[in-house]
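# Coordinates in review
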Amino acid sequence: MENNGKRLTRSKDKMIGGVCAGLGEYLGLDPTIVRVVWVLMVLFAGFGILLYIILWLVMPKPTVD
């Protein structure tokens, strides 16, 4: 698997912790789409909040370029 210099980090474009925006940047998706999917996971699957908190703690802060 090729890295292409991408690194999964929290984003500076954040609403709460930058997790959704960071995932969107890493995957090449609009952060709004990731946030909508996240809300749907919270409402229908019930594990979105716990997963968000875990990712918030695990994902590093963005580096200053």
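Now for a look at the structure at hand. All of these numbers come straight from a predicted model, not from anything done at the bench.

Okay, the environment of Leu29 next. Of note, Leu29 is situated in the loop between helix H1 (19–27) and helix H2 (31–45). Apart from residues no more than four positions distant in its own chain, Leu29 is found in contact with Gly24 and Val34.

What follows concerns the nonpolar core. In terms of nonpolar packing, the biggest core is built from seven residues, these being Val19, Cys20, Leu23, Val34, Trp38, Tyr52 and Met59. Those elements giving two or more residues to this core turn out to be H1 and H2. Counting residues per element, this core draws most heavily on H1, which supplies three residues. Residue contacts for Cys20: discarding those within four places in its chain leaves Val34, Arg35, Trp38 and Tyr52.

Attention now moves to the packing of H2 against helix H3 (residues 48–58). Contact pair H2 / H3: the axes reach a minimum separation of 7 Å and the direction vectors enclose 130 degrees. Here H2 lies oblique to H3, going by the angle between them. Residues Trp38, Met41 and Val42 of H2 lie in contact with H3, whose contacting residues are Gly48, Ile49, Leu51, Tyr52 and Leu55. Class assignment for the residues of the contact of H2 with H3 results in seven nonpolar, one polar and no charged.

So, about the side chain of Ser11. Position of Ser11 among the secondary structure elements: in the segment before H1. Among the residues examined, Ser11 registers a relative accessible area of 4% and is labelled buried. Only 2.7 Å separates the side chain of Ser11 from the side chain of Glu25, close enough to count as a polar contact. With sequence-adjacent residues up to four places away left out, Ser11 is seen in contact with Gly18, Ala21, Gly22, Glu25 and Pro62.

What counts, and where the lines are drawn
Residues numbered from 1 in each chain as written. Predicted model: local features only at pLDDT ≥ 70, side-chain atom pairs only at ≥ 80, totals over all residues. Heavy atoms only, no water. Helix = DSSP H or I, 4+ residues; strand = E, 2+ residues; numbered from the N terminus. Contact = heavy atoms within 4.5 Å. Core = buried A, V, L, I, M, F, W, Y, C linked by side-chain atoms within 4.5 Å. Buried < 20%, exposed > 50% of the residue type's maximum accessible area, 1.4 Å probe, protein only. Axes fitted to C-alpha atoms, helices over the stretch in contact; angles between N-to-C directions. Parallel < 35°, antiparallel > 145°, perpendicular 65-115°, else oblique. Nonpolar A, V, L, I, M, F, W, Y, C, P; charged D, E, K, R; others polar. Polar contact = N/O pair within 3.5 Å; in protein donor to acceptor, adjacent residues only side chain to side chain.

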